[in-house]
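So the chains spell out like this:
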Amino acid sequence: MKNRSRTACLLLLLCFAGCKKGEGPKPAAMPPSPALPAVRAPSPVARPAVVAVDVEAAKALLTEDKLSRFATYQREMLSVTSDAVGVGMQAYAKGGTDQKKFQGAMAADNRSAKIEAATKAALEKSGLTQDEMMKLTRVTTRYYASAYAMQDGVRKVGELRKKIEEAKTQGKQPSVVDTAMEKVYSGQADRLEVLRKDFAAQYGPQALALVQKHEPEFFAINQKMMDAALGAMKRKP
């Protein structure tokens, strides 16, 4: 349950910078976590949504150069993560699930100008266009958010299996707790493998190898993003 909430929060955080005016469906209900503002917050915008991208167009962007530039963009945007969460929380407090009220409250927040300026600066530093940034966000968001949320389980299952094997080697009965938790975490490891296979099936094995290579880099970004987001959520909007 914790990993599911973590993934949902990350999906919102990672795609808040990948939406622009007019994109995304009107929500029927507000998700459990506060929605975050889009990049161009001063203008009326839709709430974050992971929109499908043409597979061939995505493959053209899944290169070492573009992904490295995207990491630069994401790192630069960390400075406004807390503001983005705060804008989203306050807009929801004022507008609830009413799309027009939500967007109006978001546009009226003076922090939105700061987010827009940071976005412009991050794009310039990364060398990405707005269109490239949005496509890379949509393509990599679910992968990195899900993989990041599952990484602890993958690490823990390895540690638990080692403890279980050591106990058996010593002729001891493995801990019941260790055995039970190994089964729990092994499920997460299996889901991560499915995630990777699905990504490879859609974008190709070379694209999977590329995003896997950059996992440590994006996981570090995601951790900082989560820390900033959780800090903002603890404060009153």
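My aim in this report is to walk through the structure given alongside it, one point at a time. This is a predicted model, so every value here is computed, not measured.

1. Some remarks on the side chain of Ser186
Okay, so step 1: Relative to the helices and strands, Ser186 is located in helix H8 (residues 176-203).
Okay, so step 2: The exposure class of Ser186 is buried, given its relative accessible area of 15%.

2. Some points on the environment of Ala108
Okay, so step 1: Looking at where Ala108 falls in the secondary structure, it is placed in helix H5 (residues 99-108).
Okay, so step 2: Assessed through its relative accessible area of 64%, Ala108 is described here as exposed.
Okay, so step 3: Taking the C-alpha atoms as reference points, Ala108 and Val87, 21 residues apart in sequence, are found 9.6 Å from one another.

3. Some points on the packing of H8 against helix H9 (residues 205-213)
Okay, so step 1: The geometry of H8 relative to H9 is characterised by a closest axis approach of 7 Å and an angle of 130 degrees between their N-to-C directions. With respect to their mutual orientation, H8 and H9 come out oblique. Residues Arg196, Phe199, Ala200 and Tyr203 of H8 form the contact with H9, whose participating residues are Pro205, Ala207, Leu208, Val211 and Gln212.
Okay, so step 2: Residue classes in the contact of H8 with H9 are distributed as seven nonpolar, one polar and one charged.

4. Details of the pattern of salt bridges
Okay, so step 1: Scanning all chains against the criterion turns up 13 salt bridges.
Okay, so step 2: In this structure, Asp131 engages Lys135 in a salt bridge whose closest nitrogen and oxygen atoms are separated by 3.2 Å. Note that Asp131 and Lys135 are positioned in helix H7 (residues 130-169) at a spacing of four residues, about one turn of the helix.
Okay, so step 3: According to the relative accessible area criterion, Lys135 is partly exposed, its value standing at 22%.
Okay, so step 4: Note that Lys163 is salt-bridged to Asp178, the shortest N-O span being 3.4 Å. Of this pair, Lys163 sits in helix H7 while Asp178 sits in helix H8, and the two are 15 residues apart along the sequence.
Okay, so step 5: Under the relative-accessibility criterion, Asp178 is labelled buried at 13%.

Cut-offs used in this document
Residues numbered from 1 in each chain as written. Predicted model: local features only at pLDDT ≥ 70, side-chain atom pairs only at ≥ 80, totals over all residues. Heavy atoms only, no water. Helix = DSSP H or I, 4+ residues; strand = E, 2+ residues; numbered from the N terminus. Buried < 20%, exposed > 50% of the residue type's maximum accessible area, 1.4 Å probe, protein only. Axes fitted to C-alpha atoms, helices over the stretch in contact; angles between N-to-C directions. Parallel < 35°, antiparallel > 145°, perpendicular 65-115°, else oblique. Contact = heavy atoms within 4.5 Å. Nonpolar A, V, L, I, M, F, W, Y, C, P; charged D, E, K, R; others polar. Salt bridge = Lys/Arg side-chain N within 4 Å of Asp/Glu carboxyl O.

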